[in-house]
Protein chains: 2
Amino acid sequence: MSWFRNLAKISTLKSLQSSSSSPAAKLHNHHTPPNYLFNSLSHFTSNAFASASAAPKPTPYAGLEPTREGAEKPRVVVLGTGWAACRLMKGIDTNMYDVVCVSPRNHMVFTPLLASTCVGTLEFRSVAEPIGRIQPAISKEPGSYFFLAKCTALDTNQHVVHCETVTDGPSSVAPWKFNISYDKLVIALGAEASTFGIHGVKEHAIFLREVYHAQEIRRRLLLNLMLSDVPGVSEGEKKRLLHCVVVGGGPTGVEFSGELSDFIMRDVRQRYAHVKDYIHVTLIEANEILSSFDDRLRRYATNQLTKSGVRLVRGTVKDVEPQQLILNDGTEVPYGLLVWSTGVGPSPLVKSLDLPKSPGGRIGIDEWLRVPSVEDVFAIGDCSGFLETTGKPVLPALAQVAERQGKYLASLLNKIGKAGGGRANSAKDMEFGDPFVYKHLGSMATIGSYKALVDLRQSKEGRGISLAGFVSWFVWRSAYLTRVISWRNRLYVAINWATTFVFGRDISRI
Amino acid sequence: MSWFRNLAKISTLKSLQSSSSSPAAKLHNHHTPPNYLFNSLSHFTSNAFASASAAPKPTPYAGLEPTREGAEKPRVVVLGTGWAACRLMKGIDTNMYDVVCVSPRNHMVFTPLLASTCVGTLEFRSVAEPIGRIQPAISKEPGSYFFLAKCTALDTNQHVVHCETVTDGPSSVAPWKFNISYDKLVIALGAEASTFGIHGVKEHAIFLREVYHAQEIRRRLLLNLMLSDVPGVSEGEKKRLLHCVVVGGGPTGVEFSGELSDFIMRDVRQRYAHVKDYIHVTLIEANEILSSFDDRLRRYATNQLTKSGVRLVRGTVKDVEPQQLILNDGTEVPYGLLVWSTGVGPSPLVKSLDLPKSPGGRIGIDEWLRVPSVEDVFAIGDCSGFLETTGKPVLPALAQVAERQGKYLASLLNKIGKAGGGRANSAKDMEFGDPFVYKHLGSMATIGSYKALVDLRQSKEGRGISLAGFVSWFVWRSAYLTRVISWRNRLYVAINWATTFVFGRDISRI
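Residues numbered from 1 in each chain as written. Chains lettered and ligands numbered in written order. Predicted model: local features only at pLDDT ≥ 70, side-chain atom pairs only at ≥ 80, totals over all residues. Heavy atoms only, no water.

**Things to note about the overall build of chain A**
Assigned secondary structure in chain A consists of 17 helices and 24 strands. Here chain A, with 510 residues, has 61% of them falling under the buried criterion. The long-range share in chain A, meaning contacts at least 24 apart out of those at least 6 apart in sequence, stands at 67%. A total of about 18900 Å² of accessible surface is found on chain A, and carbon and sulfur atoms cover 57% of it. (Helix = DSSP H or I, 4+ residues; strand = E, 2+ residues; numbered from the N terminus. Buried < 20%, exposed > 50% of the residue type's maximum accessible area, 1.4 Å probe, protein only. Contact = heavy atoms within 4.5 Å. Areas by Shrake-Rupley, 256 points an atom, 1.4 Å probe, with all protein chains shown as cover.)

**Some remarks on helix α10 (residues 211-227) of chain A**
Given a rise of 1.5 Å per residue, 17 residues ought to cover 24 Å, and the 24 Å separating the end C-alpha atoms of α10 of chain A matches this to within 8%. Extensive coverage of α10 of chain A is indicated by the burial of 16 of its 17 residues. (Expected span 1.5 Å × (residues − 1).)

**Side note on the confidence of the model for chain A**
Residue and element names in this part refer to chain A. Residues of chain A with pLDDT of at least 70 account for 84%, and the chain-wide mean is 82. Counted against residues more than four places away or in other chains, residues 1-61, with its pLDDT under 50, gives 131 contacts. Both scores are available for the predicted complex, with the pTM at 0.82 and the ipTM at 0.79. (pLDDT = per-residue confidence, 0-100.)

**Details of the packing of helix α17 (residues 487-503) of chain A against helix α17 (residues 487-503) of chain B**
Orientation of α17 of chain A relative to α17 of chain B, taken along the N-to-C sense of each, is 175 degrees, at an axis distance of 12 Å. Judged on the interaxial angle alone, α17 of chain B and α17 of chain A are roughly antiparallel. Where α17 of chain A abuts α17 of chain B, its residues Trp487, Arg488, Leu491, Tyr492, Ile495, Asn496, Thr499 and Phe503 of chain A lie against Trp487, Arg488, Leu491, Tyr492, Ile495, Asn496, Thr499 and Phe503 of chain B. Looking at the contact of α17 of chain A with α17 of chain B residue by residue, the class counts come to 10 nonpolar, 4 polar and 2 charged. (Axes fitted to C-alpha atoms, helices over the stretch in contact; angles between N-to-C directions. Parallel < 35°, antiparallel > 145°, perpendicular 65-115°, else oblique. Nonpolar A, V, L, I, M, F, W, Y, C, P; charged D, E, K, R; others polar.)

**Some thoughts on the domain arrangement of chain A**
Residues and elements named next belong to chain A. As assigned here, chain A comprises domain 1 (1-63), domain 2 (72-191 + 346-435) and domain 3 (201-344 + 441-503). Using C-alpha coordinates to define each centre, domain 2 is positioned 30 Å away from domain 3. Contacts between the two partners involve 32 residues from domain 2, matched on the other side by 31 residues from domain 3. With both sides pooled, the region where domain 2 packs onto domain 3 buries about 2900 Å², and carbon together with sulfur makes up 63% of that total. The largest contributions to the domain 2 side of the interface with domain 3 come from Cys118, Val119 and Phe124, which together make up 21% of the buried area. Applying the counting criterion to the domain 2 and domain 3 interface returns 1 salt bridge. The closest approach of N and O atoms between arginine 105 and glutamate 210, which form a salt bridge, is 2.7 Å. (Domains from an automatic or database assignment. Buried area = accessible area lost by both parts, 1.4 Å probe. Salt bridge = Lys/Arg side-chain N within 4 Å of Asp/Glu carboxyl O.)

**Observations regarding unusual backbone geometry**
All names here are of chain B. For leucine 290, which is not a glycine, the phi torsion comes out positive at approximately 50 degrees. Along the chain, the position of leucine 290 falls in the loop between β12 (280-285) and α13 (295-307). A positive phi is found at leucine 369, a non-glycine position, where the angle reads about 65 degrees. For leucine 369, the location among the structural elements is in the loop between β19 (363-365) and β20 (377-379).

**Notes on the sheet that holds strand β14 (residues 317-320) of chain A**
Residues and elements named next belong to chain A. An order of β14-β15-β16 is seen for the 3 strands of this open sheet, with the pairing classed as antiparallel. Edge positions in the sheet fall to β14 and β16 (332-334), since each has one partner strand and no second. Averaged over all adjacent pairs, the angle separating strand axes in this sheet is 25 degrees, with direction ignored. Note that β14 and strand β15 (residues 324-327) share 3 bridges and pair antiparallel. Within β15, the residue paired with valine 317 across the bridge is leucine 327. (Pairing = 2+ DSSP bridges.)

**Some words on the sheet that holds strand β11 (residues 243-247) of chain A**
By way of backbone hydrogen bonds, the strands of a sheet pair with one another, either parallel or antiparallel. Residues and elements named next belong to chain A. What the 4 strands build is an open sheet, ordered β13-β12-β11-β17; its pairing is parallel. Every other strand in the sheet has two partners, leaving β13 (310-314) and β17 (337-340) as the edge strands with one partner each. Mean inter-strand twist for the sheet, computed between neighbouring axes without regard to direction, equals 20 degrees. As judged from the 4 bridges shared by β11 and β17, these two strands associate in the parallel manner. When the sheet's bridge partners are listed, cysteine 244 is paired in β17 with leucine 337. Those strands touched by α10 are β11 and β17, and its axis lies near 160 degrees from that of β17. Contacting β11, β12 (280-285), β13 and β17, helix α12 (residues 251-271) crosses the sheet at an angle of about 170 degrees to β12.

**Looking at the packing of aromatic side chains**
Tallying each qualifying case throughout the model produces 8 aromatic pairs over all chains. Measuring from ring centre to ring centre gives 5.3 Å for tyrosine 145 of chain B and phenylalanine 147 of chain B, while their planes differ by 20 degrees; the resulting arrangement is stacked. We classify tyrosine 145 of chain B as buried; its relative accessible area is 18%. In textbook terms, an aromatic cluster arises when at least three aromatic residues are bridged by ring pairs, as seen for Tyr145, Phe147 and Phe178 of chain A. Above the ring of phenylalanine 386 of chain A, the side-chain terminus of lysine 392 of chain A is found at 5.2 Å from the ring centroid. (Phe/Tyr/Trp six-rings, centres within 6.5 Å; stacked < 30°, edge-to-face > 60°. Lys NZ or Arg CZ within 6 Å of the ring centre and 35° of its normal.)

**Brief notes about the environment of tyrosine 492 of chain A**
One can find tyrosine 492 of chain A in helix α17. Placed 162 residues apart in sequence, tyrosine 492 of chain A and glycine 330 of chain A show a C-alpha to C-alpha distance of 46 Å. Here tyrosine 492 of chain A is in contact with Ser126 of chain A together with Glu123, Ile495, Asn496 and Thr499 of chain B, once residues within four sequence places are set aside.

**Digging into the pairing of strand β3 (residues 98-103) of chain A**
The side chains of a regular strand alternate between both faces of the sheet. All names here are of chain A. Buried residues dominate β3, accounting for 6 of its 6 residues. Burial along β3 is two-sided: Asp98, Val100 and Val102 facing one way and Val99, Cys101 and Ser103 facing the other are all buried. Here strand β2 (residues 75-79) runs beside β3; their pairing, made up of 5 bridges, is parallel. Across the sheet, the residue bridging to arginine 75 is aspartate 98, located in β3. For the crossover that starts at β2, traverses helix α5 (residues 83-91) and ends in the parallel β3, the hand is right-handed. Bridge count between β3 and strand β6 (residues 145-155): 4 bridges; the pairing is parallel. The residue bridging valine 100 from the neighbouring strand is tyrosine 145, located in β6. (Right-handed = clockwise from strand over helix to strand, strands pointing away.)

Printed below as a string of structure tokens:
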């Protein structure tokens, strides 16, 4: 038992230290609303109070100090774990740099396949890739880290990032703040689902951007299926519970509608025979669905979705209530499940940052993905956009763009490092070489029932091949299968698809 | 849009009906604390208020009325979805009976493998089997149902079960009550983790009985691993965060400790190199670990666990606080994760039921698993025990026992049905034939690092083969692989084991 005694001693010792009011100690009980928002989405709020009941015991040292020439490698701090951030971390030369990643989630989400997880076509874990597997150095190298935290502010003059830990309900630790000094900073914070300030969206609709969103959609769908079967539910209530409404006819909305109608056609009809005639999917879009695709594909998609039972409704949402939404023309649309996928906009943090902005309020960057007017700061992915001065259009918020930017910046940083410009303020007058140029490889979207769209045109106006139907569905699957990052997940996705094909989708509600 | 208009009409119509105070209508806004407890464990409390905001619209009809000779099959109502209930439902002849299952979860949990899911050796879904796949009739036959609800009371004279729906946070429906008339009732409600009234256990410890428990343990473990890496955490706090304490040295506790030390040895050392020296597992047991196994195996297990870094502590817990627990001898044991597996006892509902009880407060049954003194009521699994009058000992709370009882009762009910005793009160003077006899097939437990124990003795005193080591680990795995119910899950478990072996465990925190 001596071990415990020692441990007890140590902790008391440390707690004495902490009571000496170090700057860190002061910050320990800080909470910020966003943090609570995150909490409320976590699994276990049963003992949420525990997290308030205790603050961690800080040491006087609370942060990563500037790197020292000779003693340490230059430090690249990456904010975010999306497509851009992960592609960058994958490509960066960890013999030259230490990598520190800050994000509220420790995995990358393979967003194009997220819709499939909601109905059990894929397992959740198959579309999530731990950062440690994308860039092993982060969990091995002494100077590289992943911090489960969110960035709260930047000090670009001091080259410092202010962070706060993300701790949800179950943890008996209150969030605390710390600082990280950087030599190079890469902002890849992504964007935020846009609600256009429509009342009730945040409260009642579910987005489809994180794994926990997919989990929520799945649980809600299965709950409604089961509740609608219980004695005492009226016809109207059954219809409402089993009415799935998707707002937004972009690829995400369309893919989710497609998956959902597949799920209904193939699985619900067998497994929930009692209520099969009550479940319906409605896709609400203000303009055209899949507006980025060419007309032929769009018509094809419209027919396919309609055939597979998806109601396409042209309309604009005015208000969202707990059990129904109201369209501009006053129509009341009762729903049991409401999924919101109407595109993205800049997050509050991005808005708050004192940096040049691009049209649309993203962080403004030049052709080398640098943020001008400050040293050693880069921005990639959905949070960034070309400055007007570059004369280039702001690129669309696509995984494709983010991934390409991450790849480019990785090699650029490696080049800078090789040229001895890795440290803070040491690359001022360096020649950066070729700027970043984006080539659109085309768009893909699945529309359910083993059909998909592949649009290989360079731009909306440009000409080029466009496919629709089973062939392109096959192209779609293979394309993604080769892009799911680790072999483990490739294997799992393949197996998921195979088992779904053979056994149907999983319907256990866990 | 006409569809929506009609729908709107229907709902208003029904809501008018509901306002006419039908007995059902009155019950609709009833909430019971247990229900909230369940809510608090669900994923989404963000809009929990929604569930209060709206009550469902009842039809005058709210329940399943008594079955009518000629019109319907006799109805077997099964309470629970554990080993006993599921084995029964699997075996029951659905040409002879309609089956109605009532449970707060729509799947069976393959409990022996639950410990493996906490550390990512297995996926959660691999150990959960949807009821619809165990007994397809439930989702297909017009008279068979699964109701996501819990039993609140019994009326054995009227042959009626009182139920209340289980609706968690996200649902915009308030729970409501309904009744089910039965011809035969099978109570398989299982047991409840026992806390021995120790203060703080329910609030701060995690049990290991449901899939959401495993999910909570996994999330907590990964959260602590990541938090302990963030700047500002003291040495003592790191030690605490990464100290996993398991209370209870039964098979569950031992298997979990074993899995955990495997996880630490094999995965944490690589993936969390910075903190690998801080993570420790302690197993606290008041008496001997694995007391049901023979001495040789017990000694073997003790050595193996100690070798793989599990601290075995003989002690009794006096009090549990948010960050530490206190032993009877006053030792303070700081913990970051506390798992409680000290056996089970009867649940509040079982205690509340006005039925004969066995020693230990379980529902008293005779040799035919009948509850005497009432007609057509049977009890199986952990919630039941032989009456003293039978002269038989109360059987241990093992999956093995529950499974055997379910199998026996299925064939007994089929026999009764064939003899025309399916309806309520129609089997009064029937000859039931051979009573239920339990033959212990022996016990198995894995202790990590590819080692397990297999004890094939009939009883604690009896003699017989007992194995330890890799061979029995192999026996253990194959035994379970053949017992995981559906082929889909057998496949998944096999694949999980294979990929874990090749790629290591998954560490994404979703």
